[in-house]
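This is what each chain is made of:
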Amino acid sequence: MIPPIFPVYLQRLHLQQFRNYTEQWVEFVAPKTILVGDNAQGKSNLLEAVELLATLRSHRTSRDTDLVRSTQEAARVTGWIERRTGAIELGLSLRRVGRRTLIRSGETLRRQIDGLGSLNAVEFSSLDLELVRGGPERRRSWLDGLVVQLEPIYAHLLRQYDRVLRQRNALLRDCAKQHREGRPLDHSSELKVWNAQLVVAGTRLIRRRGRALARLAPLAARWHGEISGRSEVLGVSYAPNVAISPDIWNLEATEQARAIETAMLAQIRDRAEVEYYQGTSLVGPHRDDVSLRVDDAPAKQYGSQGQQRTLVLALKLSELCAIESVVGEPPLLLLDDVLAELDLNRQNQLLGAIADRFQTIATTTHLGAFDARWLDSAQILTVRSGAIVSTSA
Ligand SMILES: Nc1ncnc2c1ncn2[C@@H]1O[C@H](COP(=O)(O)OP(=O)(O)O)[C@@H](O)[C@H]1O
Ligand SMILES: [Mg+2]
């Protein structure tokens, strides 16, 4: 075993009855860990366990029952994390039926979202190409994931907005139904209450999303310039559903909030009639998008798959740097099957960017696809049928 040559951030992981693992300890002893193995052996499952500790979410499923090993009732993932502020032991218990439990350094967290921020991670998988090609929902969820890492309180604000939105939608649905049935009722005073709440909760999201993207945009443009080796300019910007003037971002906090609230309320009033007939909320950050443009043309229509991959790589690198600058510590980088898809030149760009600064866990089916420089400082773990069967470092 090689001694830790840099402060490993995530030091150890313990999986119990998680996905296809029965029980597995993993010790991370190098800045880079490569999980190698055939398909369907458990490489992505291991990354997913880390992702869960970092974000409390999996990008592969929203149902805990999928995460528990078949035939078992409960699973547990535990990570040992070394932070500048001290060591953290974070344990997440998942049940086929029933609620999760999150334990941080011996204490069961009453509000699980308080565990966010214990471990920061950026994940990059081939699914991320959907950021360019997919619909706005995909980009919103990516942006939300980023903002949660930058300021964990955002997870709480998201929930508040979602709750208000659902209640407002339920009321609008009732209105639409009663209207169809020819017995319209006057819900205007009730709706007014929900409008006010939606506007306050929505503004909190809009401000934080705008702020995060303003931070990310120059980083993404710089990385894209570097790795594309071309003169094309990547433009990342917030495309909020609520029409707000760009000057708003220069305002002081209270004024900014007030200006966004005013704009949102005005737009809600404008759309009131349509909402009433459609029976759903049409105005607010649940309809936001992130605009990705290359040389001022929509990225979706631009370029080859390789170029879109470069764009996503630039986004991911900018996320790493944004989180590092806000949190004050470099986050973990999780690369699921993407390295083999990058040509050697891009691999080297990525390698140069992360150097030994970001602890990285990568998966692959073939080590041969890696540049030798990757293998130099890497710990290589072979995964087979839900177990790590060999270790070399
Ligand atoms: N809840 C579960 N219980 C048992 N096995 C599971 C569970 N969820 C997934 N698996 C198994 O995990 C394997 C896929 O693991 P994965 O990590 O995605 O593979 P890869 O090594 O290709 O990344 C499949 O064989 C699948 O059947
Ligand atoms: Mg996989």
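Residues numbered from 1 in each chain as written. Chains lettered and ligands numbered in written order. Predicted model: local features only at pLDDT ≥ 70, side-chain atom pairs only at ≥ 80, totals over all residues.

### Focus: helix α1 (residues 43-55)
Note the following rule: Helix numbering and strand numbering both begin at the N terminus, where a helix is a DSSP run of H or I of at least 4 residues and a strand a DSSP run of E of at least 2. An expected span of 1.5 Å times one less than the residue number is assigned to each helix. To assign burial, the other C-beta atoms lying within 10 Å of each residue's own C-beta are counted, with C-beta atoms placed from the backbone; 20 or more indicates buried, 12 or fewer indicates exposed, and intermediate counts indicate partly exposed.
Across its 13 residues, α1 extends 19 Å between first and last C-alpha, which sits within 8% of the 18 Å expected from 1.5 Å per residue. In terms of residue burial, α1 counts as a mostly covered element, since 12 of its 13 residues are buried. Leu 56 sits one or two residues past α1 and shows a positive phi near 65 degrees.

### Details of the site of ligand 1
Put simply, the rule reads: We call a residue near a molecule or strand when the C-beta position, derived from backbone atoms, sits within 6 Å of it.
Taken together, 15 residues lie around ligand 1, and Asn 20, Ala 40, Lys 43, Ser 44 and Asn 45 are the ones closest in. With 3 residues, α1 is the single largest residue contributor to the shell around ligand 1.

### Topic: the pairing of strand β14 (residues 378-383)
Under the convention used in this document: Should DSSP find at least two bridges between two strands, the strands are regarded as paired.
Residues of β14 alternate between two faces, with Gln 379, Leu 381 and Val 383 buried on one and Ala 378, Ile 380 and Thr 382 left unburied on the opposite face. Note that strand β3 (residues 32-36) and β14 share 5 bridges and pair parallel. Residue pairing for β14: Leu 35 is matched across the bridge by Leu 381. Relative to strand β15 (residues 388-392), β14 runs antiparallel, the two being bridged by 4 bridges. For Val 383, the partnering residue across the bridge sits in β15 and is Ile 388.

### Topic: the sheet that holds strand β7 (residues 107-108)
Here we have 6 strands laid out as an open sheet, ordered β2-β1-β4-β5-β6-β7, and antiparallel in their pairing. The sheet is open, and its two edges are formed by β2 (23-27) and β7, each paired on a single side.

### Here's the deal with the sheet that holds strand β13 (residues 360-364)
To be explicit about the condition: To get an axis, a line is fitted to the C-alpha atoms, and for a helix only the part in contact is used. The angle between two axes follows their N-to-C directions and goes from 0 to 180 degrees. By definition, residue pairs are in contact when their C-beta atoms, positioned from the backbone, come within 7 Å.
The 6 strands lie next to each other as β8-β12-β13-β3-β14-β15, forming an open sheet whose pairing is mixed. In this open sheet, the two strands that pair with only one neighbour each are β8 (121-125) and β15. Strand-to-strand twist of the sheet, defined as the mean angle between neighbouring strand axes without regard to direction, takes the value 15 degrees. Bridge count between β3 and β13: 5 bridges; the pairing is parallel. Directly across from Ile 34, in β13, lies its bridge partner Ala 362. Across the sheet, helix α8 (residues 305-327) is in contact with β8 and β12 (332-336); its angle to β8 comes to roughly 175 degrees.

### As for the nonpolar core
Heads up, the condition is: One nonpolar core equals one set of buried Ala, Val, Leu, Ile, Met, Phe, Trp, Tyr and Cys residues connected by C-beta atoms within 7 Å.
One finds Ala 49, Val 50, Leu 53, Leu 311, Ala 314, Leu 332 and Leu 334 to be the most contacted residues of the largest nonpolar core, which totals 80 residues. For this core, the element with the most residues is α8, which contributes 10 residues. Setting aside residues up to four positions removed in sequence, Leu 311 forms contacts with Val 132, His 224, Leu 234, Leu 292, Val 294 and Ala 299.

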